Amino acid sequence: MKKVKLLTVALIAVLMAGMVACKTKTKEMITSEAFGTFDGKEVLLYTLTNKAGNVIKLTNYGAAIVQINVPDRNGVKENVTFGYDTFGGYAGGDLYFGKVVGQYANRIAKGKFTVDGVEYSLALNNGPNSLHGGPTGWHSRAWDAEVLKGTDYPAIRFTYNKPDMEEGFPGNLVAEVVYTWTDENEIIMDYKVTTDRNTVLNITNHAYFNLHGAGNGDILDHEALIRASSFTPVDSTLIPTGEIRPVEGTPFDFRTPHLIGERISMDYDQLVLGGGYDHNFVLDNVEPVDAEVYDPSTGRLLEVITDQPGVQLYTGNFLDGTQTGVGGKVYNYRSGFCLETQHFPDSPNQPAFPSVILTPEEPFLSSTVYRFSIR
Ligand code: GAL
């Protein structure tokens, strides 16, 4: 009897030790702190640490990436993405830094589109067009957050329940993004979106990067490679004309590496219209890695892997030094680039572009990876 009791006690002790160990492990990998409140919802700042000791920070406000701290070739760690130290920074600052953008990332011409014969109208928040899901799109919402348990790497799921007709888009949607921070310094973003009626969807992450460290000069000396044989030219309001133009022989040919600044000031119609690069590239989707940006001075390399058909290369042409972010760093003109994996802009009005119709029958599932390393 005594022996059985002893064994039971020992077993309970082992189980409890295991639970404590598990708890400690999770705790070490993800911590959270109060960041603010929005619409009656708690906004938290999450710190995710991988086994390499590298840290990213996320918030449920806009399901945003706030910081990415990765080493250069000398082991010096620096934050390489745009974000703010405080929630106040987000409340009064740039709308899109690191955010998840929906229900329609990028532009819809004149804010109008038709689904099942019904025309829908959106707020015009970018000249004559609708941009990034409208003024109160998904970037400006406090998402629900769940720290995932039992995963190999620190991971958080953010969920936004979008009511029917919010910002003019039909459908009650459930949008989820799971961020995973692997020991190989990869941010994996797994998206899942469902709807209860036919609608349009284009979802992306709008992180800005500077591989010198965010706020340390411009990105014109970064070397970019984009595995895209064509791109979608735009009009003066940055709406695609419908043309799919081969990159061959143009300053948009990044199939071999080129410095971002090498051709950006050329007198080429699309660079003039875009004020630099602000275009959707039609990905070849044949190699595992779809795009890379390398900073020769620090050795930092960003690789982008996606199953989306396009990527917007945006070279921070609208940045103007009015934003002060993490660590008091100022974000000047062209001091950051974005690689927003996406469907093509204005697809609802472009029958030749891949369809962006989301139906109740088939959830939208997609993954994009931002992988950081040294070369
Ligand atoms: C990008 C877009 C740019 C600009 C930016 C936000 O996705 O391509 O034109 O609107 O967002 O400032």
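Our subject in this report is the structure included herewith. (Residues numbered from 1 in each chain as written. Predicted model: local features only at pLDDT ≥ 70, side-chain atom pairs only at ≥ 80, totals over all residues. Heavy atoms only, no water.)

Moving on: the sheet that holds strand 21 (residues 278-283). Strand order in the open sheet formed by 5 strands is 19-18-21-24-27, and the pairing between neighbours is antiparallel. Strands with a single pairing partner mark the edges of an open sheet, and in this sheet they are strand 19 (245-246) and strand 27 (338-342). Two elements, strand 21 and strand 24 (residues 310-314), share 5 bridges in a ladder whose sense is antiparallel. Looking across to strand 24, one finds that D278 is bridged to Y314. (Pairing = 2+ DSSP bridges. Helix = DSSP H or I, 4+ residues; strand = E, 2+ residues; numbered from the N terminus.)

Our next topic: the side chain of N106. Its place among the elements puts N106 in the loop between strand 6 (100-101) and strand 7 (107-108). Under the relative-accessibility criterion, N106 is labelled buried at 3%. Within the local environment of N106, its side chain forms a polar contact with the side chain of Q312, the two groups lying 3.2 Å apart. Excluding anything up to four places from it in sequence, N106 contacts S130, L131, H132, Q312, Q342 and P345. (Buried < 20%, exposed > 50% of the residue type's maximum accessible area, 1.4 Å probe, protein only. Polar contact = N/O pair within 3.5 Å; in protein donor to acceptor, adjacent residues only side chain to side chain. Contact = heavy atoms within 4.5 Å.)

Bringing empty space enclosed by the protein into the picture now. According to the stated counting rule, one finds 2 cavities of 30 Å³ or more in the structure shown. In this structure, the largest cavity occupies an estimated 40 Å³ of space. Ranked by residues supplied to the lining of the largest cavity, first place goes to strand 21 with 3 residues. Among the residues making up the lining of the largest cavity, the classes are represented as 4 nonpolar, 5 polar and 2 charged. Estimated volume of the second largest cavity: approximately 30 Å³. What lines the second largest cavity is G102, Q103, G133, T136, G137, W138, K162, E166, E167 and F169. Of the residues belonging to the lining of the second largest cavity, the class tally is 2 nonpolar, 5 polar and 3 charged. (1 Å grid on protein atoms, 1.4 Å probe; cavity = no way out; pocket = protein on both sides within 12 Å on 5 of 7 lines; lining within 4 Å. Points joined across faces, edges and corners; volume = space filled by probe spheres on them. Nonpolar A, V, L, I, M, F, W, Y, C, P; charged D, E, K, R; others polar.)

Of all 6 residues in strand 21, 6 are buried; the element is thus mostly enclosed. Residues D278, N280 and V282 point to one face of strand 21 and H279, F281 and L283 to the other, with burial holding for every one of them. Pairing of strand 18 (residues 228-232) with strand 21, which is carried by 4 bridges, proceeds in the antiparallel orientation. What sits directly across from F231, in strand 21, is F281.

In this structure, the largest pocket spans a volume of roughly 390 Å³. Y96, L131, Y208, Y314 and F318 are the residues nearest the centre of the largest pocket, which is lined by 21 residues in total. Grouping the amino acids of the lining of the largest pocket by side-chain chemistry returns 8 nonpolar, 8 polar and 5 charged. What the second largest pocket holds in volume is close to 200 Å³. Residue lining of the second largest pocket: L201, H343, S355, V356, I357, L358, T359, E362, P363, F364 and L365, and that is the complete set. Elements with a minimum of two residues in the lining of the second largest pocket: strand 28 (357-358) and strand 29 (364-374). Within the lining of the second largest pocket, the residues separate by chemical class into 7 nonpolar, 3 polar and 1 charged.

What follows covers the nonpolar core. Within the largest apolar cluster, 59 residues are counted, with the highest numbers of intra-cluster contacts made by I187, I226, Y370 and F372. In terms of residue count, strand 13 (residues 173-181) provides more of this core than any other element does, 5 residues in total. Not counting residues up to four positions away in its chain, the partners in contact with I226 are F254, R255, F281, L283, D290, A291, V311, L313 and L339. Grouped together as the second largest cluster of nonpolar side chains are 18 residues, L45, F97, Y208 and L319 included. (Core = buried A, V, L, I, M, F, W, Y, C linked by side-chain atoms within 4.5 Å.)

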